[in-house]
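# Structure at a glance
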Amino acid sequence: MRPRPPVKGRGIFSGTGIIVTGLAATCVALFVPVASYSNQSSTGADVRSAQTVLTQYGPLSELDREFVTKVRLAGLWELPAGQLAQQRGTTEAVRTAGQHLIEGHTFLDERVRDVAAKLGLGLPNEPNDQQKAWLAELNATQGVDFDRKFANILRLAHGRVFTVVAQVRAGTQNSLVRALADDANTTVLDHIEILEATGYVDFDALARDLTATGTPTPATTPGFVVPLTPSPS
């Protein structure tokens, strides 16, 4: 038998071969940029999470750590401010607000020290410079002037921290921080309401002051944390 003649169109240069080759080239062209973008996205995620550490209670972000510190700092100056209100307040409403501050921050301080211990976080043992200045201002006043300054300074401070609590509660992935934010939210809202009930809050001035930059959070160093306790008086 004579060998069969070659069939036209077979091989890589046939019509079908050209189509297949073209499809393969297209797939490669599409895959390369996708793979490159995937690698870039992964790198970006690593950078974004560089300040987040893993714990048995869930990821702990930089904002989470700052929040824990702020809860401790709030108690370090608001509890003595509440004691001043009980001693110097000229109205029952101001003295009641002082009692709420003492009770609320005694509770929160116990909670935040427990959370910090479980997460291995250091906490400050004294207020920051802004908070010390507020306490000094309150210590320098008497009578109705004290009532007015107490209500407005504390209301401003609580308004600033209230937004931080909401931000942390909405975004944290750490169960301990989430529970602390729930407690802080309840306490701060109670303090806001009781301060407004004094009748001394200047809401126009408050609106202006709340647009100002919040107070900075100083660095903390690990170590023994002194519990906050109300004075015997």
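Heads up: these notes are all about the structure in this document.

Parameters and conventions
Residues numbered from 1 in each chain as written. Predicted model: local features only at pLDDT ≥ 70, side-chain atom pairs only at ≥ 80, totals over all residues. Heavy atoms only, no water. Helix = DSSP H or I, 4+ residues; strand = E, 2+ residues; numbered from the N terminus. Buried < 20%, exposed > 50% of the residue type's maximum accessible area, 1.4 Å probe, protein only. Contact = heavy atoms within 4.5 Å. Areas by Shrake-Rupley, 256 points an atom, 1.4 Å probe, with all protein chains shown as cover. Phe/Tyr/Trp six-rings, centres within 6.5 Å; stacked < 30°, edge-to-face > 60°. Axes fitted to C-alpha atoms, helices over the stretch in contact; angles between N-to-C directions. Parallel < 35°, antiparallel > 145°, perpendicular 65-115°, else oblique. Left-handed = near helix turned anticlockwise from the far one by under 90°. Nonpolar A, V, L, I, M, F, W, Y, C, P; charged D, E, K, R; others polar. 1 Å grid on protein atoms, 1.4 Å probe; cavity = no way out; pocket = protein on both sides within 12 Å on 5 of 7 lines; lining within 4 Å. Points joined across faces, edges and corners; volume = space filled by probe spheres on them.

## Things to note about the overall build of the chain
Along the chain, the regular secondary structure elements total seven helices and zero strands. For the chain, the α and β elements follow one another from N to C terminus as α-α-α-α-α-α-α. In the chain, which comprises 233 residues, the proportion classed as buried is 36%. Looking at the chain alone, contacts between residues at least 24 apart form 80% of all its contacts between residues at least 6 apart. On the chain, roughly 13600 Å² of surface is accessible, and the fraction owed to carbon and sulfur atoms is 58%.

## A closer look at the packing of aromatic side chains
If you walk through the whole model with that rule in mind, you get two aromatic pairs. Their ring planes at 40° and their centres at 5.0 Å tell us that W77 and W134 sit as a pair that is tilted. Placement of the pair is W77 in helix 2 (residues 62-88) and W134 in helix 4 (residues 129-139), with a sequence separation of 57 residues. In this structure, W77 and W134 share a single accessibility class: buried.

## Topic: the packing of helix 2 against helix 5 (residues 143-171)
Any two packed helices are characterised by how steeply their axes cross, that is the angle between the axes, and by the distance between the axes. Where helix 2 meets helix 5, the closest approach of the two axes is 11 Å, and the angle between their N-to-C directions is 160°. By the angle between their directions, the pair helix 2 and helix 5 is classed as roughly antiparallel. The crossing of helix 2 and helix 5 is left-handed. Contact with helix 2, carried on its side by L63, D64, F67, K70, W77, E78, A81, L84, A85 and R88, involves F146, D147, F150, I153, L154, A157, H158, V164, V165, Q167 and V168 of helix 5 and no other residues of that element. Classifying every residue of the contact of helix 2 with helix 5 by side-chain character gives 14 nonpolar, two polar and five charged.

## Some points on the packing of helix 5 against helix 6 (residues 175-196)
Axis separation between helix 5 and helix 6 bottoms out at 9 Å; the angle between their running directions is 150°. Viewed along their axes, helix 5 and helix 6 adopt a mutual orientation that is roughly antiparallel. Relative to helix 6, helix 5 is oriented so that their crossing is left-handed. Residues F150, A151, L154, R155, H158, V161, F162, V165, V168 and R169 of helix 5 lie in contact with helix 6, whose contacting residues are V177, R178, A181, D182, A184, N185, V188, L189, H191, I192, L195 and E196. Tallied by class, residues from the contact of helix 5 with helix 6 come to 14 nonpolar, three polar and five charged.

## Focus: empty space enclosed by the protein
Applying the stated rule across the entire model yields one cavity of 30 Å³ or more. In this model, the largest cavity occupies a volume close to 70 Å³. Forming the walls of the largest cavity are F67, K70, V71, A74, E78, H105, L108, H158, V161, V165, A184 and V188. For the lining of the largest cavity, the secondary-structure elements that each account for two or more residues are helix 2, helix 3 (92-119), helix 5 and helix 6. For the lining of the largest cavity, the leading source of residues is helix 2, giving five residues. For the lining of the largest cavity, a count of residues per class yields eight nonpolar, two polar and two charged.

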